[in-house]
Amino acid sequence: MEESVFEARNLTKKYRGTLALDHINFSLRRGEVYGFIGENGAGKTTTIRLITGLSFPSEGSMSLFGKSGEKELQRQRARIGCMVETPALYKNMTAEQNLEAQRIQRGIPDKECIRKTLKLVGLSDTGKKTVRHFSLGMRQRLGIAMALLNDPEFLILDEPINGLDPSGIVEIRELMKRLNQERGITLLVSSHILSELYQTATRYILLHKGRVLEELTQNELDEKCKRHIAIKTNDAASTAAALENTLHTTNFQVMPDNTVRLYDHLDNMEDVARVLSQAGLLVTGLSLAGDSLEDYFLHKIGGR
Ligand SMILES: Nc1ncnc2c1ncn2[C@@H]1O[C@H](COP(=O)(O)OP(=O)(O)OP(=O)(O)O)[C@@H](O)[C@H]1O
């Protein structure tokens, strides 16, 4: 049976005059890496604050590992790790000293967790180097290490790639993959930008103005972004027949709105137009379509 690590049911957060989250519903399945996408102010941080208990919902409810009710939620939060955008680190301390301070503060008993976590995030050999001399990527990895100290099953990273250079981005991506694939940790990773997460996420939740706009898997996203000729005619079934019988292709899809997406003959739009008109169809639209990931996101939120 699939277990959900988190579920939001009509989760709503109102600040004075602002509806930050508007009755959102979604659930996170164990073992997945979720890209939590939304532009500034979409409600990502608000959701994360509710999950981690830093703030409380105005309406609606949530469950963690199948358990709900504030007392039980608080207990389950021990199974979560969370890093917000810029981790609070002591710059004049080493990685190990920072983790030790965090361990004591959180009352985690086994000192051994520090060595293990440093290894996991690839900071074992930083020795006496203080955080002041760390690259931004190393600092982010140390921030993630802090969130990993309690050996969480569910890790939330709020904008972990913000401000990193390309090599820093790769470091964090690799780490996220390792945590998911080797440790089986479920991840919720927030970002403004879909393409940033594309290489790591297995599922996406698109948030816009406090609402869940869309939930989709990596495969569904790929499918939606695939380049194609979008054909609109007066008769989708006859269009499909003409493509099959005359152009000898079955590489197309009839969409729910009766548009036909043709995935080949992309360089031969004229042929396609001719075949359709010879079949007596009234062609009202014929265009090359397909989005980059960013285009897709902007398109979804109506930004173009
Ligand atoms: N403490 C607060 N008081 C009042 N309004 C708030 C507060 N926190 C957030 N908001 C508002 O709630 C909405 C959602 O904000 P939130 O920070 O959750 O968005 P976000 O998706 O995390 O954006 P960003 O990417 O900028 O962090 C915004 O309109 C924001 O101004």
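About the thresholds
Residues numbered from 1 in each chain as written. Predicted model: local features only at pLDDT ≥ 70, side-chain atom pairs only at ≥ 80, totals over all residues. Heavy atoms only, no water. Near = heavy atom within 4 Å. Polar contact = N/O pair within 3.5 Å; in protein donor to acceptor, adjacent residues only side chain to side chain. Areas by Shrake-Rupley, 256 points an atom, 1.4 Å probe, with all protein chains shown as cover. Helix = DSSP H or I, 4+ residues; strand = E, 2+ residues; numbered from the N terminus. Buried < 20%, exposed > 50% of the residue type's maximum accessible area, 1.4 Å probe, protein only. Disulfide = S-S within 2.5 Å. Pairing = 2+ DSSP bridges. Axes fitted to C-alpha atoms, helices over the stretch in contact; angles between N-to-C directions. Contact = heavy atoms within 4.5 Å. Core = buried A, V, L, I, M, F, W, Y, C linked by side-chain atoms within 4.5 Å.

> Sorry, what's going on with the site of the ligand here?
Near the ligand lie 13 residues; those nearest to it are Gly41, Gly43, Lys44, Thr45 and Thr46. At 2.8 Å, a backbone N or O of Gly41 approaches an oxygen atom of the ligand. Within the contact set of the ligand, an oxygen atom lies 2.5 Å away from a side-chain nitrogen or oxygen of Thr46. Coverage of the ligand by the protein chains reaches 60% of its 630 Å² of free accessible surface. Elements with a minimum of two residues in the shell around the ligand: β2 (18–29) and α1 (44–52).

> Could you clarify how one ought to interpret unusual backbone geometry in this entry?
As a rule of thumb, non-glycine residues mostly have phi less than zero, and peptide bonds are mostly trans rather than cis. A positive phi angle is found at His23, which is not glycine, with a value near 50 degrees. For His23, the location among the structural elements is in strand β2. According to the relative accessible area criterion, His23 is partly exposed, its value standing at 34%. Of note, Asn258 is a non-glycine position whose phi angle comes to about 70 degrees, a positive value. Considering the arrangement of structural elements, one finds Asn258 in the loop between β11 (252–254) and β12 (260–262).

> It is not clear to me how the state of the cysteines should be interpreted in this structure. Could you clarify?
Any covalent bond linking the sulfur atoms of two cysteines counts as a disulfide. Throughout the structure, instances matching the rule amount to zero disulfides. For Cys82, which is in no disulfide, the shortest distance to another cysteine sulfur is to Cys113 and amounts to 18 Å. Overall, the relative accessible area of 30% leaves Cys82 in the partly exposed class.

> In this structure, what is going on with the sheet that holds strand β5 (residues 80–83)? I would like to understand it.
In sheet architecture, strand pairing relies on hydrogen bonds along the backbone and comes in two forms, parallel and antiparallel. Pairing is mixed across the open sheet formed by six strands, whose spatial order is β5-β6-β7-β3-β8-β9. If you trace the sheet from one side to the other, it starts and ends with β5 and β9 (211–217), each paired once. Pairwise comparison of adjacent strand axes, ignoring direction, gives a mean angle of 15 degrees for this sheet. Sheet topology note: the strand β6 (residues 154–158)/strand β7 (residues 186–191) ladder contains five bridges and is parallel. By the bridge assignment, Leu157 is partnered in β7 with Val189. The sheet contacts of α1 involve β3 (33–37), β5, β6, β7 and β8 (203–208), and relative to β6 the element is tilted by about 145 degrees. Where helix α6 (residues 166–181) meets the sheet, it contacts β3, β6 and β7, and its direction lies at approximately 155 degrees from that of β7.

> Got a minute to help me understand the nonpolar core in this structure?
Generally speaking, a soluble globular protein has its nonpolar side chains buried in company with each other. Counting 47 residues, the largest nonpolar core has Leu142, Ile144, Leu155, Leu179, Leu187 and Tyr204 as the members making the most contacts within it. Residue contributions to this core peak at seven residues, all from helix α5 (residues 136–148). With near-sequence residues (within four places) excluded, Leu142 lies in contact with Leu89, Ala95, Asn98, Leu99, Leu123, Val131 and Phe134. Within the second largest apolar cluster, 24 residues are counted, among which are Ala8, Ile24, Ile156 and Leu207.

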